[in-house]
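Listed below are the residues making up each chain.
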Amino acid sequence: MYFFSTAGDEDFFVFTPTADGRVKLNTAAITRGLNTAVDVFDSNGILIATNDDAHSKTRNSRVTFDVTAGQTYSFRVRAVGSKQGDFSVALDLLLAGGL
């Protein structure tokens, strides 16, 4: 669990996958009314995925993007609006070619 302490707060994360595949990244507001947005960057700092609201009935965010083993990726989770509170992050790697 992570916490936005001020309006417009941002938290940064870095990961390096050990296998090629596709990543599903989900953020979920734990605090009622919190709105998250997520931005994903490749190892060159180029934006490769972004989302603010996975669908019309949620303020949670979701992106899916391809990754290469050994490459470093970073992502930023942003608080949208004036709400402070707790949120969670989940990364799921779907291996290239299946299991």
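Refer to the structure printed above.
Residues numbered from 1 in each chain as written. Predicted model: local features only at pLDDT ≥ 70, side-chain atom pairs only at ≥ 80, totals over all residues. Heavy atoms only, no water.

(A) Main features of the sheet that holds strand 5 (residues 47–51). Read from one edge to the other, the open sheet built from four strands follows the order 2-7-4-5, with strand pairing classed as antiparallel. Two strands close off the open sheet at either side, each with one partner strand: strand 2 (10–15) and strand 5. Averaged over neighbouring strand pairs, the angle between their axes works out to 15° when direction is ignored. Note that strand 4 (residues 36–41) and strand 5 share four bridges and pair antiparallel. What sits directly across from Phe 41, in strand 5, is Leu 47. (Pairing = 2+ DSSP bridges. Helix = DSSP H or I, 4+ residues; strand = E, 2+ residues; numbered from the N terminus. Axes fitted to C-alpha atoms, helices over the stretch in contact; angles between N-to-C directions.)

(B) How the structure looks around the side chain of Thr 27. Here Thr 27 shows up in strand 3 (residues 21–29). Apart from residues no more than four positions distant in its own chain, Thr 27 is found in contact with Thr 36, Val 38, Asn 60, Ser 61, Val 77, Ser 88 and Val 89. (Contact = heavy atoms within 4.5 Å.)

(C) Seen up close, the sheet that holds strand 1 (residues 2–4). Strand order in the open sheet formed by four strands is 1-8-3-6, with antiparallel pairing between adjacent strands. In the strand order of this sheet, the two ends are held by strand 1 and strand 6 (61–67), each with one partner. When the angles between neighbouring strand axes are averaged without regard to direction, this sheet yields 25°. Across seven bridges, the pairing between strand 3 and strand 6 is antiparallel. Residue pairing in the sheet places Val 23 in a bridge with Phe 65 of strand 6.

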